[in-house]
Every structure is written in structure tokens, then in C-alpha cells.
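# Coordinate inspection notes
For reference, the chains in residue letters:
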Amino acid sequence: MLATRPRTLMFLAALAVVAGCQQPREPTASSSAEPAQATSTVSTIEVTEARIRAPLPGRRMTAGYVTLANPSAADDRLLSVSSPSFGRVEMHSTSKNDAGVMSMAQIEAVEVPAGGSTVMEPGGLHLMLFEPTGAFPNGSTVPFTLRFETAGTREVLFTVVENPSVPVAANT
């Protein structure tokens, strides 16, 4: 019985070597490793109207706004925003309770729906920008990094404006 065990092990090892030497088969339509539509669902976020309110003298915070359009067939999410020009950047939402009192809360992510857009604007979703590293005159630009769940990282220049409620072009 002990003599047959080494022969069995040698047979299994030889079988594994032979199986490993076979040519790979071409995938058929039914056995393809990737779905045909995989490349069409990759998110490509379009960033427009990126602007920040000019910080008021003596203030250590301001707000930023942007429009995020997602022409792809897959939802995406903005996961984080950073800037070397600010000590901290947070994503916030603004809401009104039943008594009409407005409140603001930090949020973990901003949804950007497939085939749609998300607008960050005064009174709604926005960026809170804390601890500016310098002065930002009206019309100047400030670099930001936006990190999306699917679209990856985007470097974006935000324009400094006095009135963020109107389009960037109307401020400069």
C-alpha cells in the first residue's frame, strides 16, 4: 500500500504539468471574461462652474461650488476634495427643518447620477473651505483635487468670485 502512494503522487504531478501546458482557448461570446458594455460604464465626470466665494477679511473659512455632470451609464460619487490653498476641505449639505430653520451638516460623499448632474450651490450642497493659506483676489484661481469613486482623481482650478450665485463669467 505504501508503494502505491508515491506512484499516485507522481501521476497527479504529471497530470498537472500536462494540463498547464495546454494552449489557452479563445473566449467565446458566452465565456468572455468581461461584459461587452464594461467600457461604456466607466464614469467620466465633467466639471464646470467651479468657483469659491472670495474669503471675507479676517475670516478663516469660505465656501466652494461646482457642477458635476456624469454622461456615463454608471453612477459615481465624489468622495473627497482637497486643496493646497486650504488647511481643510469638507463636503456639506444644507437643509431646512419643519420650523424653517436652516442647518448645515458634513457629508461623506456626493452622489453624481448616471446621465445626470449634481449642482453644488449656495443654499444646497457645497464645499466648506477652512484655514486659507493666503489671500485670494477676485478672478484668481485656486487648485483643487476632486477624488471620485469611479472616475478617479481630477485636478480642477476654481475661480475666486465675489458672488457665487451667478455664473463665473458674470463675476470676472
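### A closer look at the pairing of strand β3 (residues 76-82)
Examined bridge by bridge, β3 and strand β6 (residues 110-112) share three bridges and lie antiparallel to one another. Of the residues in β6, the one forming a bridge with R77 is E111. The sheet contact formed by β3 and strand β9 (residues 141-148) spans four bridges and is antiparallel. When the sheet's bridge partners are listed, S82 is paired in β9 with T145.

### Concerning the nonpolar core
Counting 26 residues, the largest nonpolar core has L68, L78, F144, L146 and F158 as the members making the most contacts within it. Secondary structure elements with two or more residues in this core: β1 (46-53), β2 (61-70), β3, β4 (86-96), β6, β8 (126-132), β9 and β10 (152-161). The element that contributes the greatest number of residues to this core is β9, accounting for four residues.

### Brief notes about the side chain of R51
One can find R51 in strand β1. Of the buried charged residues, R51 lacks a salt bridge, with E49 as the closest side chain of opposite charge at 4.4 Å. A distance of 2.6 Å separates a polar side-chain atom of R51 from the backbone oxygen of E49.

### Structural notes on the pattern of salt bridges
One pass over the full model with this rule turns up four salt bridges. Between E149 and R77 there is a salt bridge, with its nearest N and O atoms 3.4 Å apart. Of the two residues, E149 is situated in the loop between β9 and β10 and R77 in strand β3; the sequence distance between them amounts to 72 residues. With a relative accessible area of 28%, R77 lands in the partly exposed category. Note that E90 is salt-bridged to R88, the shortest N-O span being 2.8 Å. Salt bridges here are not isolated pairs; linked through shared partners, they connect R77, E111 and E149.

### Re the confidence of the model for the chain
Residues at a pLDDT of 70 or more form 73% of the chain, whose mean pLDDT is 80. Confidence scores differ between elements of the chain, with helix α1 (residues 4-20) showing the lowest mean pLDDT of 41 and β3 the highest of 98. Predicted confidence is poor over residues 6-41, with pLDDT under 50, and the contacts of this stretch with residues over four places away or in other chains come to five contacts.

### A look at the side chain of S83
Secondary-structure assignment places S83 in the loop between β3 and β4. A polar side-chain atom of S83 sits 2.7 Å from the main-chain carbonyl oxygen of P143. Not counting residues up to four positions away in its chain, the partners in contact with S83 are V89, V142, P143 and F144.

### Notes on unusual backbone geometry
Its identity is not glycine, yet E49 carries a phi of approximately 50°, on the positive side. Note that E49 resides in strand β1. The phi dihedral of E131 falls on the positive side, at around 55°, and the residue is not glycine. With respect to the helices, strands and loops of the structure, E131 is situated in strand β8.

### Considerations on the environment of V156
Structurally, V156 can be placed in strand β10. Residue V156 is classed as buried on the basis of its relative accessible area, which comes to 10%. A sequence separation of 108 residues divides V156 from T48, and the C-alpha atoms of the two residues are 9.4 Å apart. Here V156 is in contact with V47, A50, V142, P143, F144 and L146, once residues within four sequence places are set aside.

Definitions and limits used
Residues numbered from 1 in each chain as written. Predicted model: local features only at pLDDT ≥ 70, side-chain atom pairs only at ≥ 80, totals over all residues. Heavy atoms only, no water. Pairing = 2+ DSSP bridges. Helix = DSSP H or I, 4+ residues; strand = E, 2+ residues; numbered from the N terminus. Core = buried A, V, L, I, M, F, W, Y, C linked by side-chain atoms within 4.5 Å. Buried < 20%, exposed > 50% of the residue type's maximum accessible area, 1.4 Å probe, protein only. Lys, Arg positive; Asp, Glu negative; His and termini not counted. Salt bridge = Lys/Arg side-chain N within 4 Å of Asp/Glu carboxyl O. Polar contact = N/O pair within 3.5 Å; in protein donor to acceptor, adjacent residues only side chain to side chain. pLDDT = per-residue confidence, 0-100. Contact = heavy atoms within 4.5 Å.

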